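For reference, the chains in residue letters:
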Amino acid sequence: FNLGTSSKGNSFATQRELDEHVSHKLQVGGPSRSMDLELQSATISDDAQCVEMWTLRIIIGGLLGTLALPMLLLLLSLFGFTAGGIAAGSCAAICQRNSGQIARGSCFATAQSVAMRGLRGACCLPVVLFMCLVG
């Protein structure tokens, strides 16, 4: 991370370093054209880094959003929630056996419903809200 580089090659890693540099310049010789150019260069560099960071975040968010649904279905199948029902001997089977009666609308019931219906089942409100939190 770099707030900018002055015309003389000084690099400012923090806002404090930049402020100290400006303060020193003001004490030594007052404001000058070169100091204005240094500050302008630092601001332009900071703006470019901000744009770069947001672009990267948007790309990563898009990838996560695209991959989140298939990953959810994969995770459900790994835990034992399959299109044919609960897989024997799986984590889901153990949870179902230990829980007894599964309540309608519970996380377990929703997971099984989503797994059985595939992508169509993934468009229910609880899953959409979960994906919003992930993204």
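**Quick notes on the overall build of the chain**
Then, in step 1: Scanning the chain from N- to C-terminus turns up 5 helices and 4 strands.
Then, in step 2: Going from the N terminus to the C terminus, the chain shows its helices and strands as β-β-α-α-β-β-α-α-α.
Then, in step 3: Looking at the chain as a whole, 24% of its 135 residues qualify as buried.
Then, in step 4: Carbon and sulfur atoms make up 65% of the accessible area of the chain, which totals about 9,400 Å².

**Focus: helix α4 (residues 107–117)**
Because an α-helix packs 3.6 residues into every turn, residues spaced three or four apart end up facing the same way.
Then, in step 1: For α4, the set of buried residues is Phe-108, Thr-110, Ala-111, Gln-112, Val-114 and Ala-115.
Then, in step 2: The positive-phi residue at the C-terminal boundary of α4 is Gly-118, with phi of around 65 degrees.

**Digging into a nonpolar patch on the surface**
Then, in step 1: The grouping of Ile-59, Leu-63, Leu-67, Met-71, Leu-74, Leu-75, Leu-78 and Phe-79 at the surface amounts to a nonpolar patch, some 800 Å² of accessible area in total.
Then, in step 2: With respect to the helices and strands, Phe-79 occurs in helix α2 (residues 33–79).

**Focus on the packing of aromatic side chains**
Then, in step 1: Enumeration according to the criterion identifies 1 aromatic pair in this entry.
Then, in step 2: When the ring centre of Trp-54 is taken as reference, the NZ or CZ atom of Arg-57 above it lies at 5.1 Å.

**Looking at the confidence of the model for the chain**
Then, in step 1: Mean pLDDT over the chain: 74, with 64% of residues reaching 70 or higher.
Then, in step 2: Between residues 1–8, whose pLDDT stays under 50, and residues either more than four places distant or in other chains, the model counts 28 contacts.

**Let's talk about the nonpolar core**
Then, in step 1: Leu-72, Leu-76, Phe-81, Ala-92, Phe-108, Ala-111, Val-114, Ala-115 and Val-127 together form the largest nonpolar core, which totals 9 residues.
Then, in step 2: Elements with a contribution of two residues or more to this core: α2 and α4.
Then, in step 3: Of all the elements, α4 adds the most residues to this core, at 4 residues.

So, how was this worked out
Within any chain, residue numbers begin from 1 and follow the written order of that chain's sequence. This being a predicted model, a pLDDT of at least 70 is required before a residue's local features are given, and a value of 80 or more before pairs of side-chain atoms are given or counted; all residues contribute to the totals for chains, interfaces and linings. Computation of side-chain values covers all heavy atoms of the structure but excludes hydrogens and water. Numbering goes from the N terminus for both helices and strands, where a helix is a DSSP run of H or I of at least four residues and a strand is a run of E of at least two. Relative accessible area decides the class of each residue, using a 1.4 Å probe on protein chains only: under 20% of the type maximum gives buried, over 50% gives exposed, and in between gives partly exposed. Accessible areas in this description were obtained via Shrake-Rupley with a 1.4 Å probe; residue shielding takes into account the shown protein chains only. A patch is a set of surface residues, each over 30% in relative accessible area and not in a salt bridge, joined within 9 Å for like charges and within 5 Å for the nonpolar side chains Val, Leu, Ile, Met, Phe, Trp and Tyr. Salt bridge criterion: a side-chain nitrogen from Lys or Arg within 4 Å of a carboxyl oxygen from Asp or Glu. Between the rings of Phe, Tyr and Trp (Trp by its six-membered ring), a pair exists once the centres lie within 6.5 Å; its type follows the angle of the planes, with under 30 degrees stacked, over 60 edge-to-face, and the other angles tilted. A positively charged side chain is recorded as over a ring if its NZ (Lys) or CZ (Arg) lies within 6 Å of the ring centre. The angle to the ring normal must also be within 35 degrees. Residue-level confidence of the predictor, termed pLDDT, takes values from 0 up to 100. Contact criterion: two residues are considered in contact whenever any of their non-hydrogen atoms come within 4.5 Å of each other. Here the nonpolar core consists of buried residues drawn from Ala, Val, Leu, Ile, Met, Phe, Trp, Tyr and Cys, with membership extended through side-chain atoms lying within 4.5 Å.

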